[in-house]
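Chain by chain, the residues:
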Amino acid sequence: MPGQYSAGTRPRAFHMLGALCATPRAPAKAETPPAIWIALSRGVMAGPMRYHVRDCAATTNVVQPRVLITDVKTFPERLKWARERKKWSQAELGRRAGLSQGAIGNYEKGERDEPRNLIQLAEALGVHPKWLLKGTGPRDVGEPSNVAPAAIGTRKIPLISYVQAGQMAEGLDFGGELEYLLTDLDLGEHAFALEIKGDSMLPEFKPGDRIIVDPDVAPLPGDFVVAKNGSHEATFKKYRPRGISITGKTIFELVPLNEDYESMRSDETPISIVGTMVEHRKYRRR
């Protein structure tokens, strides 16, 4: 009979129409537009067969495509992926994270700009908050990471002025109330810090940046140094050796990175090296 077949004898065309959610259906006595009918040729079965294409949303046995982890590129997509991986409903995730089902739904639809409950959601799903928010770093809690917490600096380095730095070249120490920077570097006893001023070292060193200088480190070509140039204040420049003098001393040049400023040579101007920069701290400015 048209529209009927025995078990295990589904025509190949039936499988080909799976994407259209096609199911066998006997011809109706009265057609009701806009029903869609597909007639298969007689070569498939003993007789003609008709299929009625139904709404796919109403089909419960359709295999949904698998979502790959590379397909989740936004916070709402990662949240939904992590929830479905747990086989949880939105209500269940909300219960575990202390949120309403509506809040979970709004997050997954992207209707909330900022995930204020990021920590609760990440803890409930067993994932790292950074991965859930930005998709970077390890995903699952306990997954090995390629970074480690930085050691907390225990060495206090005094932040001094350029005048005080110039005095160090004469062997004078500084005192009074000072601000300190913490570092974990193994530095000499007289290491100090300076705050960059002016624009002679732009674009690498901006005003407000801070550097740590160690007088016990001898400069190499290309290093950045603090030096005294004959005035009371010190200067911060790039170190460039230029040869040996007849007295056996190294002739060097102090070079600003900003081409609008001139270089200084030790054989033309009395210059003494105070110390070599060992750390540069940049600060984000809005």
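Residues numbered from 1 in each chain as written. Predicted model: local features only at pLDDT ≥ 70, side-chain atom pairs only at ≥ 80, totals over all residues. Heavy atoms only, no water.

(A) How the structure looks around the pattern of salt bridges. With the rule as written, the count across this model stands at 13 salt bridges. Arg95 is the partner of Glu92 in a salt bridge, and the nearest nitrogen-oxygen pair spans 2.7 Å. In this pair, Glu92 and Arg95 both sit in helix H3 (residues 90-97), 3 residues apart, roughly one turn of the helix. According to the relative accessible area criterion, Glu92 is partly exposed, its value standing at 21%. (Salt bridge = Lys/Arg side-chain N within 4 Å of Asp/Glu carboxyl O. Helix = DSSP H or I, 4+ residues; strand = E, 2+ residues; numbered from the N terminus. Buried < 20%, exposed > 50% of the residue type's maximum accessible area, 1.4 Å probe, protein only.)

(B) Focus on the pairing of strand E7 (residues 210-214). E7 sits mainly inside the fold: 5 of its 5 residues count as buried. Of the two faces of E7, the one holding Arg210, Ile212 and Asp214 and the one holding Ile211 and Val213 are both buried throughout. Relative to strand E12 (residues 272-281), E7 runs antiparallel, the two being bridged by 5 bridges. Bridge assignment links Arg210 to a residue of E12, and that residue is Arg281. (Pairing = 2+ DSSP bridges.)

(C) Seen up close, the nonpolar core. Counting residues in each nonpolar core, the largest one holds 20 residues, and the members touching the most others are Phe75, Leu79, Leu93, Leu99, Leu121, Leu125 and Leu132. Breaking this core down by element, the ones donating at least two residues are helix H2 (75-85), H3, helix H4 (101-108), helix H5 (118-125) and helix H6 (129-134). In this structure, Leu99 is in contact with Gly94, Ile104, Tyr107, Asn117 and Leu121, ignoring residues within four places of it in sequence. Counting residues in each nonpolar core, the second largest holds 17 residues, with Ile160, Tyr162, Met168 and Met277 among its members. (Core = buried A, V, L, I, M, F, W, Y, C linked by side-chain atoms within 4.5 Å. Contact = heavy atoms within 4.5 Å.)

(D) Examining the packing of aromatic side chains more closely. Applying the stated criterion across every chain, the model contains 6 aromatic pairs. Here the aromatic rings of Phe205 and Phe224 are separated by 4.9 Å at their centres, their planes lie at 70°, and the arrangement is edge-to-face. Linking Phe205 in the loop between strand E6 (192-195) and E7 with Phe224 in strand E8 (residues 224-228), this pair joins segments that are 19 residues apart in sequence. Residue class for Phe205 comes out buried when judged on its relative accessible area of 1%. Seen in terms of ring centroids, Phe205 and Phe236 are 5.0 Å apart; in terms of plane orientation they differ by 85°. Their pairing is edge-to-face. (Phe/Tyr/Trp six-rings, centres within 6.5 Å; stacked < 30°, edge-to-face > 60°.)

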